[in-house]
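Below, each chain spelled out in residue letters.
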Amino acid sequence: MNAFNDRATFDLTFKIPDKFVLVGVGKLVKEGKEGDFAVSHWVSDIPLAVAGFNYGLFKKKEIADPQTKYQIEGYATSELPSYMRGAASIGGMSPARLTESAMVDAQNSIRIFNHWFGEAPYGRIAITQQPQLNFGQSWPTLVYLPIIAFFDSTQRWQMFGMQRGLTDFVQEVTPHEVAHQWWGHIVGWTSYHDQWISEGFSDFSASLFLQYAQGGKIDRYQKFWESQRQAILEKNVFGIRHNDAGPIWMGLRLNSARTPAHIVASPTTRDLTFCTCCDG
Ligand SMILES: [Zn+2]
């Protein structure tokens, strides 16, 4: 039930068709080709609770932040997923061309969280695209972002209109997932009863980002928490308020078809950070 207090170093080698790009946890120590295959070797010197990877027809970008000494990488596809290509208003849109804004959000998140919580030890973070619309996930040194996090507000409006909650989700998902480098990966939990604390601190971290990345405007912070309060009190599609699902201390035991666990833990970010990888 709890893999997050059992850490290990990892030494991972991947061999994939060479048209694809793989991004792993830890540091890339070697890459090359074997025939039609690309081979990459990833090593984590710092013990990690989990290891994961992402894989796709990615274009890679990277920046080195002189302030935090962090390397920030972005991985996104050149083309939209097929299910999005029919949207005429976004013809020609490429996630890879929009990677920089997600990378800048990650860079600012690391600066703000380093200042508030102490420096993260990993030295690197990869911001990577995953095709589903509505969730993010965080591994040590590696973040999955929903494809809409790569679009700007105009493009999202063209695609999805003014869906309540979607804009908030997109603004919060990058800092929330980057915050899990601290809350979840640097600081774990003793048992699943305390897992919600990682979500709570990551939400708090996202609210700090919203405040400071907007030039210290406290109203962004307050708006975030007002939105969170509403999310806790309003009924979901089954008529159940998140607040009434049960004690949050019960964690994943509250999970049901009518009260999904990730909604109980973090109603607005719909975050699956820890549910998918350790509980089967
Ligand atoms: Zn989360």
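To keep things clear, this report deals only with the structure shown in the data block. Please read these numbers as outputs of a predicted model, since none were measured by experiment. (Residues numbered from 1 in each chain as written. Predicted model: local features only at pLDDT ≥ 70, side-chain atom pairs only at ≥ 80, totals over all residues. Heavy atoms only, no water.)

1. Quick look at the sheet that holds strand 4 (residues 37-48)
Logical step 1: Read from one edge of the open sheet, 3 strands run 1-4-3, paired in antiparallel fashion. For this open sheet the edge positions go to strand 1 (8-17) and strand 3 (27-34), each flanked by a neighbour on one side alone. With strand direction ignored, the average angle separating the axes of adjacent strands in the sheet is 15 degrees.
Logical step 2: The pairing of strand 1 with strand 4 spans 9 bridges and is antiparallel. By the bridge assignment for strand 4, F10 is matched with S44. (Pairing = 2+ DSSP bridges. Helix = DSSP H or I, 4+ residues; strand = E, 2+ residues; numbered from the N terminus. Axes fitted to C-alpha atoms, helices over the stretch in contact; angles between N-to-C directions.)

2. Points about the sheet that holds strand 8 (residues 124-130)
Within a beta sheet, neighbouring strands are joined by backbone hydrogen bonds and run either parallel or antiparallel to one another.
Logical step 1: Judged by pairing direction, the sheet is mixed, and its 5 strands sit side by side in the order 6-7-8-10-9 without closing on themselves. Each of the sheet's edge strands pairs with one partner strand only, and the pair in question is strand 6 (58-64) and strand 9 (137-139). This sheet shows a mean twist of 20 degrees between the axes of neighbouring strands, independent of strand direction.
Logical step 2: Note that strand 9 and strand 10 (residues 142-146) share 3 bridges and pair antiparallel.

3. Digging into the packing of aromatic side chains
The description of an aromatic ring pair rests on the distance of the ring centres and on the angle between the ring planes.
Logical step 1: Per the stated rule, a full pass over the model turns up 10 aromatic pairs.
Logical step 2: An angle of 70 degrees between the planes, with centres 6.3 Å apart, marks the rings of F58 and Y75 as edge-to-face. Taken together, the residues span a long stretch of sequence, with F58 in strand 6 and Y75 in strand 7 (residues 71-77) at a distance of 17 residues. Take F58 and Y75: they sit in the same class, and that class is buried.
Logical step 3: Relative to Y212, the ring of W116 has its centre 6.1 Å away and its plane inclined at 55 degrees; by these criteria the two rings are tilted. Of this pair, W116 sits in helix 1 (residues 99-117) while Y212 sits in helix 4 (residues 195-212), placing them 96 residues apart in sequence.
Logical step 4: Its relative accessible area of 41% is what places W116 among the partly exposed residues.
Logical step 5: Taking relative accessible area as the criterion, Y212 reaches 38% and is therefore assigned partly exposed.
Logical step 6: The structure contains a cluster of three or more aromatic residues connected by ring pairs, namely F113, F117, W182, W183 and F201.
Logical step 7: Stacked on the ring of F37, the Lys or Arg K15 has its end atom at 5.3 Å from the ring centre. (Phe/Tyr/Trp six-rings, centres within 6.5 Å; stacked < 30°, edge-to-face > 60°. Buried < 20%, exposed > 50% of the residue type's maximum accessible area, 1.4 Å probe, protein only. Lys NZ or Arg CZ within 6 Å of the ring centre and 35° of its normal.)

Worth remembering: the numbers are spatial, not functional.
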